[in-house]
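Chain residues, written in single-letter form:
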Amino acid sequence: MVRKATDRRKSGITRRQGFRAVKQSFLIVCEGECTEPDYFKAFRMTTATIKVVGQAMNTTSLVEKAISIRDTAATRKRYYDQCWVVFDKDDFPASEFNRAIIMAQKNGFRVAYSNQAFEYWFLLHFNLYSGPLHRDNYATMLTRLCGMTYSKREGFGALMYNRLLQHQPIAIRNAKAVLQEISHGNPAMEESSTTVHLLVEELNKYL
């Protein structure tokens, strides 16, 4: 028996309506409990899902915790397409900072680090700051540049995302320029620098 054209069209419509595109999934484990998680949660994802965790841990301890979070999720049949750790150099020993980066990469994580701290990424939205810049100066500089008092309180990271969004392409360009100039395979000694833009570029693909 020959199926009618209308039957075939209805069948095609049904198949298309039942189809669901598989979304990209991110696991982002951050050293900070507020600023970084709030910032990344502010990305308005449409074709990806993200789980952002703030751990109040640093360098190698954070990486070990991130591996545990991912592996525990896998035992529950929850898998992530991209796994990231976000942490700062601060005053931690150079060997520990570099070891954390290597450990993360060997275990399938990508690293969004900042030397010295995450707020350097915010500063790059305004200018290309190169050379040593102590993190104690970040808040004062951001207060002046943003026209509002910089804070690490809960929710402020999301506010910074929205406030700086229009300048994000500038920050990405500046971060790349800095790395091109000073990156020689020793991140702990490359102050000031950041790879946060790598994570930002990945998230932007799924907005």
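Further up the page is the structure itself.
This section reports on the structure supplied with the text. Remember, predicted model here, so these are calculated numbers, not experimental data. (Residues numbered from 1 in each chain as written. Predicted model: local features only at pLDDT ≥ 70, side-chain atom pairs only at ≥ 80, totals over all residues. Heavy atoms only, no water.)

As for its placement among the helices and strands, Leu 165 is situated in the loop between helix H7 (156-164) and helix H8 (168-182). For Leu 165, a relative accessible area of 34% puts it in the partly exposed group. Separated by 40 residues in sequence, Leu 165 and His 125 place their C-alpha atoms 8.8 Å apart. (Helix = DSSP H or I, 4+ residues; strand = E, 2+ residues; numbered from the N terminus. Buried < 20%, exposed > 50% of the residue type's maximum accessible area, 1.4 Å probe, protein only.)

Sheet architecture is open: five strands sit in the order S2-S1-S3-S4-S5, paired in mixed fashion. Both edges of this open sheet fall to strand S2 (48-54) and strand S5 (193-194), since each of them pairs with a single strand only. Relative to strand S3 (residues 82-88), helix H3 (residues 59-75) is tilted by about 160°, and along the sheet it contacts strand S1 (24-30), S2 and S3. (Pairing = 2+ DSSP bridges. Contact = heavy atoms within 4.5 Å. Axes fitted to C-alpha atoms, helices over the stretch in contact; angles between N-to-C directions.)

The buried fraction of strand S4 (residues 110-115) is high, at five of six residues. Sheet topology places S3 next to S4; five bridges connect them, and they run parallel. Bridge pairing in S4 links Trp 84 to Arg 110. With helix H4 (residues 94-106) bridging S3 and the parallel S4, this β-α-β connection has right-handed handedness. Both S4 and S5 contribute to a ladder of two bridges, which runs antiparallel. Counterpart to Ser 114 in the pairing with S5 is Thr 194. (Right-handed = clockwise from strand over helix to strand, strands pointing away.)

Grouped together as the largest cluster of nonpolar side chains are 41 residues, with contacts concentrated most on Ile 28, Tyr 39, Phe 40, Trp 121, Phe 122 and Met 160. Not counting residues up to four positions away in its chain, the partners in contact with Trp 121 are Tyr 39, Gln 168, Ala 171, Ile 172, Ala 175, Thr 194, Val 196, His 197 and Val 200. Core analysis: the second largest hydrophobic core is formed by 23 residues, Leu 62, Val 63, Ala 73 and Ala 104 among them. (Core = buried A, V, L, I, M, F, W, Y, C linked by side-chain atoms within 4.5 Å.)

On to the environment of Glu 33. Tracing the backbone shows Glu 33 in the loop between S1 and helix H2 (35-41). Between the C-alpha atom of Glu 33 and that of Arg 153, which follows or precedes it by 120 residues, the distance is 9.7 Å. Every residue in contact with Glu 33, bar those within four places of it in the chain, is listed here: Gly 54, Gln 55 and Ala 56.

For the structure on display, the rule yields 14 aromatic pairs. Their ring planes at 70° and their centres at 5.7 Å tell us that Tyr 39 and Phe 118 sit as a pair that is edge-to-face. Taken together, the positions of Tyr 39 in helix H2 and Phe 118 in the loop between S4 and helix H5 (119-123) put the pair 79 residues apart, joining distant regions of the chain. Pair check on accessibility: Tyr 39 and Phe 118 agree, each one buried. Members of the aromatic cluster, each reached through a chain of ring pairs, are Tyr 39, Phe 40, Phe 43, Phe 118, Phe 122, Tyr 150, Phe 156 and Tyr 161. (Phe/Tyr/Trp six-rings, centres within 6.5 Å; stacked < 30°, edge-to-face > 60°.)

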